[in-house]
Amino acid sequence: MPPIFELDALPAMDVPGRLPRLRERLGAAGCDALLVTKQENLRYLTGFTGSAGMLLVAPASTLLVTDGRYRDQAAEQVAAVGVVAELEVSGPKGQLEALAAAARGLGRIGLEASSITWGLQLRLVEVFDRSSLVATRGLVEALRAVKDDGERARIEAACDVADVAIAQVKQRLSEGCTEAEFASELEAEMRRRGSSGPSFETIVASGPNSAMPHARPSERVIGEGELVVVDFGATVDGYRSDMTRTFCVGTLEADLAQLVDAVFAAQRAGLRAVAEGVTGGDVDAACREVLTEAGYGAEFLHSTGHGVGLEIHEAPAVSQGSADILAAGTVVTVEPGAYLAGKGGVRIEDTVLVGTSGGRPLTKSTKDYTL
Ligand code: ZN
Ligand code: ZN
C-alpha cells in the first residue's frame, strides 16, 4: 500500500520567520542572545535535522556549529528553507572557539536551562568568560506551540496515516496475536502509509496490562473479553501524531463496560472544552469532573493531555492546574483514562487542533471499541 500523501505537495513551513520572532523576545527574557542547545529547537529555527549542533542567536548574526558528519547536510538544509546563518563545522574545541568569537561584545547570553547538561554549562562559563549567562526556559518552545500552515499539514498527515493504519490492521486483535506482534504490524503499516517511524514507543496493553497506562507491548496473547489499549502515532517530516483507542475482543463484563462508558463521556467533555483562550487546566478539569462523578476520579492516573509537534510532549501542558493558554494554532491531545488495577484500563485520545471556533480533532478513527 502506498503512502497516503506526498511531502512535496504539503504547504511549506515559514522557517525564516522564526528567528526574528525569537529575537523580539530575548530582551524580555533578560538576554541579548540565546544559545540554542535543544535539537528540536535548532531544527525549528534552521531546518537542520542533525543530532548534534548548537545555534547562537545574536542580535545581528546567527551561528550554527556542528561536527563533520553534518558538513554538507547542515549547509544544504539551512539553505533549503531560506535561513541565513554562518556555519562552523569542526570538532568540539573549534565549535566552542567559534562561539566565543561570535559572542564577543554580548553582555548577557541565555542558555536553555531545561536542555543543557551541567558539564556543558561549566564549559560555557569558561568559553563566554566576558559575558554573563542567563537561565531561560521555554523561549523557543513557546513559539513552537503555535503551528503555522505547513506544520499543521504535517501533523494532519501524521494523524491521517495513523487513522488509515489502525483501520487496516485492527482486526488482527481478535485473531490471537500477541501485544508485541500487533505493535509491530501497526508500525509497519504506518511506515507503508508514509510515516518515517513511530512518533513514540507504541503501547499495546491487553487484559490486566491495560490497567498500566504506559505498559510495554509484551508476548502476552490478546484474549476474549479483554480490553486492549493501543496508543500510537506516526511521524511526517519530524511532526508527530498521537492517538489512543481502546478495543474489546468479544463481550465485556459489566464493570468494564461501565468503565468504558465513563472514559468516553470524559473524553467528549474534554473535546467540548477545547477552545481558543481556555487554559490547559480547564480542559483537564472538564475530563476529571466527569470521571470523578462516575466514581473513577482516583483511577485517572495521568494528565489529560499535552501539546504535540516536533516532540511528542511539548507546550502547552494540558494538566491539572495548568495555566498554559490554548491559543489558536496550538495542537494538543485530549486523553482521559481510568485504570482498575489487575482488571483493565481504558484510554481514549485524539490529537486536536485549536481553532477560533473550538477544537478540531485531527485523528478521526472510530471510537467504537468492538471488533
Ligand atoms: Zn498517546
Ligand atoms: Zn498523548
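Here, the structure is the one placed above.
Residues numbered from 1 in each chain as written. Chains lettered and ligands numbered in written order. Predicted model: local features only at pLDDT ≥ 70, side-chain atom pairs only at ≥ 80, totals over all residues. Heavy atoms only, no water.

*Asks:* Help me get a handle on the overall build of the chain, residues and values and all.
*Replies:* Helix and strand content of the chain: 10 helices and 18 strands. Relative to the 2.2 N^0.38 estimate, which gives 21 Å for 371 residues, the radius of gyration of the chain is 23 Å and therefore close to what a compact globule would have. Principal-axis analysis of the C-alpha atoms gives the chain an extent of 70 × 45 × 40 Å. Buried positions account for 53% of the 371 residues belonging to the chain. Considering only contacts in the chain between residues 6 or more positions apart, those separated by 24 or more positions represent 69%. When the accessible surface of the chain is split by element, carbon and sulfur atoms take 52% of a total near 15400 Å². Positive and negative side-chain charges in the chain, numbering 35 and 51 respectively, have mean positions lying 4 Å apart. (Helix = DSSP H or I, 4+ residues; strand = E, 2+ residues; numbered from the N terminus. Rg over C-alpha atoms; globule rule 2.2 N^0.38 Å. Buried < 20%, exposed > 50% of the residue type's maximum accessible area, 1.4 Å probe, protein only. Contact = heavy atoms within 4.5 Å. Areas by Shrake-Rupley, 256 points an atom, 1.4 Å probe, with all protein chains shown as cover. Lys, Arg positive; Asp, Glu negative; His and termini not counted. Charge placed at Lys NZ, Arg CZ, Asp CG, Glu CD.)

*Asks:* Residues and numbers for the packing of helix α9 (residues 254-273) against helix α10 (residues 280-293), please.
*Replies:* Where α9 contacts α10, the two axes come as close as 8 Å, and the packing angle between them is 155°. Between α9 and α10, the angle falls in the class roughly antiparallel. You can see that α9 and α10 cross each other, and the crossing is right-handed. Between α9, through Ala262, Val263, Ala265, Ala266, Ala269, Gly270 and Ala273, and α10, the contact on the second element is made entirely by Val283, Ala286, Cys287, Val290 and Leu291. Its residues assigned to classes, the contact of α9 with α10 shows 11 nonpolar, 1 polar and no charged. (Axes fitted to C-alpha atoms, helices over the stretch in contact; angles between N-to-C directions. Parallel < 35°, antiparallel > 145°, perpendicular 65-115°, else oblique. Left-handed = near helix turned anticlockwise from the far one by under 90°. Nonpolar A, V, L, I, M, F, W, Y, C, P; charged D, E, K, R; others polar.)

*Asks:* Account for the sheet that holds strand β3 (residues 62-66), with residues named and values stated.
*Replies:* Taken in spatial order, the 6 strands make up an open sheet running β4-β3-β2-β1-β5-β6, and their pairing is mixed. The open sheet has two edge strands, β4 (86-89) and β6 (132-136), and neither has a second partner. Averaged over all pairs of adjacent strands, the angle between strand axes in this sheet comes to 20°, irrespective of strand direction. Sheet analysis places strand β1 (residues 33-36) next to strand β5 (residues 108-112), joined by 3 bridges and oriented parallel. Bridge pairing in β5 places Leu35 opposite Leu111. Contacting β3 and β4, helix α3 (residues 71-80) runs over the sheet at an angle of about 170° to β4. (Pairing = 2+ DSSP bridges.)

*Asks:* Give me the coordination of the zinc ion (ligand 2): which residues, what numbers.
*Replies:* A metal bound by six donors in octahedral fashion has ideal angles of 90 or 180 degrees, whereas one bound by four tetrahedral donors has an ideal angle of 109.5 degrees. Surrounding the zinc ion (ligand 2) are the protein donor atoms Asp242 (OD), His306 (NE2), Glu335 (OE) and Glu349 (OE), at 2.1 to 2.2 Å. For the zinc ion (ligand 2), all donor residues lie on one chain, and their spacing in sequence is D-x63-H-x28-E-x13-E. Separating the zinc ion (ligand 2) from the zinc ion (ligand 1) is a gap of 3.1 Å, which Asp242 spans by donating to each of them. Highlighted residues: Asp242 in the loop between β10 (239-240) and β11 (243-248) and Glu335 in the loop between β14 (331-334) and β15 (337-340), separated in sequence by 93 residues. Using a relative accessible area of 3% as the deciding quantity, one classes Asp242 as buried. (Donors = N, O, S within 2.8 Å, 3.2 Å for Na, K, Ca; no water.)

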